[in-house]
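Okay, here's what each chain looks like letter by letter:
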Amino acid sequence: MRLKDPFSLKTADMTKRSNKPKKPRDEDSSDEVCGLTCQHVSRAVDLSSVKKAVTGSLWSVCSDCLKERNIHEGEPAGAHDILVCLKCGFQGCNQAETQHSTKHQQAHHSDSHCITISLSTWKAWCFECKEELSTHCNKKALAQTLDFLQKHSAKATSGTTSKIIRLLEESAEYVDTQRGRTPVNSTLIPVKGINNLGNTCFFNAVMQNLSQTHMLNDLIQDVKEKGHKMKICPPAETKLGPLTVTLPSPEPLTSAMFLFLQSIKEPGKGPVSPKILFNQLCQKAPRFKGYQQQDSQELLHYLLDSMRVEETKRIKAGILKAFNNPTEKTADEETKRQVKAYGKEGVKMNFVDRIFVGELTSTIMCEECEHISTVKEAFIDISLPIIEERVRPTIVKHVFLILFAFNNLSIHNVLNYYVVFMYVSDKKAEKVYTSARKQMLISALPPVVTLHLKRFHQAGMNLRKVNRHVDFPLLLDLAPFCSATCKNLGSGERVLYSLYGIVEHSGSMRGGHYAAYVKVRPPQRKPEQRKSANAIEASSVPQGQWVYVSDTNVQTVPESRVLNSQAYLLFYEELL
């Protein structure tokens, strides 16, 4: 049934209501309304609740439209009138198709959520009296609330044009929105709650971040079916030309991941069930069976590693098929050489490596003989120690780590500590200790860099959690932590990464909980359209709306709350 717009009621209806006999005014519980008396103000106006609600929400946006992804980027906030409930601060629209403000009042009829204020006209309306209210009332409840909302509106929109983040899928062609149909193709990915299967918040928090990883959604879409073509180009020294291989069907875990990501993007509210994906992961990593509390960082490693193994197997099968499935006995030396060369290059093309895997180079120089040794290792994330306050220098197994208790611990301080530190090489036979210097730098950066803040550590026989807050930036320059060969960096160049996701751990080792903060944002420009990092302003953080997700609980939050979170995993994407 289509609901009426409370601000477009027919004059006849209003006249009919106003002809009713007036009741005597109660000074303690009523306010004068256009010559009549509204007895709902004392119960239906709660200024403290309104303040709390609107300061923590996206301003002048219908809360239900936001949840239903029925909002378009660039659409002015005033395109549809927004009504604020003066009992709880709920912001609802008065669109003819949805009427979320009216539905909110009907759903909370017994709790007196009957008075609203329009953010376009600043008029108050009582759904029970079906009348416009005067904001100049004897108890000043409406006047005080109106004054607060007007001041908050000026503050929320000053200096910028109020734009609404597009949470629906954008399509090349739109259908008739009057019929309630939604676009079919995707640019921005909605946020949906995920059912907790039993102590699986550690899994849900990671999946919220992966679902907002644009490159993962794009690449897994490309390889989701049997018959996908992949072109492998070995390096010039192999003297081999390109080889196009046809891949077999994806393995079970990768298929389950694709289906899960699709369920997030499908129209509808949610929440979604992760049961199929979680069960497939448990087949690969039985340690996660039993619905016990687990670690999100370990979960991320097992999940990405398992899909990496599946895709590597799939690519190798495609290469072998291109050579008519040779065996050790039937293949000659040249065939073996070619299969090995294509295989070495082909396995790097799996979507996990292309998105998440980078390389660290560890350089050790003996301070006596100045001998230098170098070791390279791949990483899926970079684990960074958090130094507790008032920590003294510690000696562990002849390794001297210079630990600093930073007054304001930040990601930059932690990264500096991580990439450069001192230790001692043990000459046991001569009982002589030789000092050496070790430096760890990033030699290859992936499109997505995941930072792991090591909040859990061994303290004797026990595990402890470090609850100290670590400052982290929305825009991170990784150039100071990269080797000279990484990205062919020149002097003074920047390598900028933008924060788009967080896994937060709250509580203690015994009773903790994982939740996620994710940034709903438009996809970045294509690589050929990318700007130089030096041309990007340091303050030009990509626009988007932050959303807090705790299992099935989904709510928009301000940036300030995100920056105050107790981050455990930080997801940064390369800024193009």
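What you see is a predicted model; the values in this text were computed from it and never measured.

What to know about the sheet that holds strand S7 (residues 131-133)
Line of reasoning, step 1. Ordered in space as S4-S3-S5-S6-S7, the five strands form an open sheet in which the pairing is antiparallel. Both outer strands of the open sheet, strand S4 (91-93) and S7, are each paired with one neighbouring strand and no more. Ignoring strand direction, the axes of neighbouring strands in this sheet form an average angle of 35 degrees.
Line of reasoning, step 2. Against the sheet, helix H5 (residues 100-107) makes contact with strand S3 (82-85), S4 and strand S5 (115-118), and its axis sits at roughly 125 degrees relative to S4, the strand it touches most.

Describing the nonpolar core
Line of reasoning, step 1. Within the largest apolar cluster, 47 residues are counted, with the highest numbers of intra-cluster contacts made by Met207, Leu210, Met257 and Phe351.
Line of reasoning, step 2. In this view, Phe351 contacts Leu216, Leu219, Ile220, Val223, Thr254, Met307 and Glu311; residues no more than four positions away in its chain are not counted.
Line of reasoning, step 3. Leu384, Leu474, Leu499 and Tyr517 belong to the second largest nonpolar core, which has 36 residues in total.

Observations concerning the pattern of salt bridges
Line of reasoning, step 1. Applying the stated criterion across every chain yields a total of 13 salt bridges.
Line of reasoning, step 2. Here Glu298 ties to Arg287 by a salt bridge, and the two come within 2.8 Å at their closest N and O atoms. One end of the pair, Glu298, is in helix H11 (residues 296-322); the other, Arg287, is in the loop between helix H10 (275-284) and H11, with eleven residues separating them in the sequence.
Line of reasoning, step 3. We classify Arg287 as partly exposed; its relative accessible area is 40%.
Line of reasoning, step 4. Between Glu328 and Lys336 there is a salt bridge, with the nearest N and O atoms lying 3.4 Å from each other.
Line of reasoning, step 5. Several salt bridges converge on common partners, so that one network encompasses Glu328, Glu333 and Lys336.

Some words on the pairing of strand S27 (residues 567-574)
Line of reasoning, step 1. Within S27, eight of the eight residues are buried, which leaves it mostly tucked inside the rest of the structure.
Line of reasoning, step 2. As defined by bridge partners, strand S19 (residues 448-454) adjoins S27 across five bridges and the pair is classed as antiparallel. Each residue of the ladder has a partner; that of Val448, found in S27, is Glu573.
Line of reasoning, step 3. Bridge count between strand S23 (residues 496-506) and S27: seven bridges; the pairing is antiparallel. Across the sheet, residue Glu504 finds its bridge partner in S27, namely Ala567.

Describing the side chain of Ser550
Line of reasoning, step 1. Position of Ser550 among the secondary structure elements: in strand S25 (residues 545-550).
Line of reasoning, step 2. Exposure remark for Ser550: the relative accessible area of 15% places this residue in the buried category.
Line of reasoning, step 3. At 2.8 Å, the side chain of Ser550 forms a polar contact with the side chain of His513.
Line of reasoning, step 4. Other than its neighbours up to four places away in sequence, Ser550 contacts His513 and Ala515.

The rules behind these values
Residues numbered from 1 in each chain as written. Predicted model: local features only at pLDDT ≥ 70, side-chain atom pairs only at ≥ 80, totals over all residues. Heavy atoms only, no water. Pairing = 2+ DSSP bridges. Helix = DSSP H or I, 4+ residues; strand = E, 2+ residues; numbered from the N terminus. Axes fitted to C-alpha atoms, helices over the stretch in contact; angles between N-to-C directions. Contact = heavy atoms within 4.5 Å. Core = buried A, V, L, I, M, F, W, Y, C linked by side-chain atoms within 4.5 Å. Buried < 20%, exposed > 50% of the residue type's maximum accessible area, 1.4 Å probe, protein only. Salt bridge = Lys/Arg side-chain N within 4 Å of Asp/Glu carboxyl O. Polar contact = N/O pair within 3.5 Å; in protein donor to acceptor, adjacent residues only side chain to side chain.

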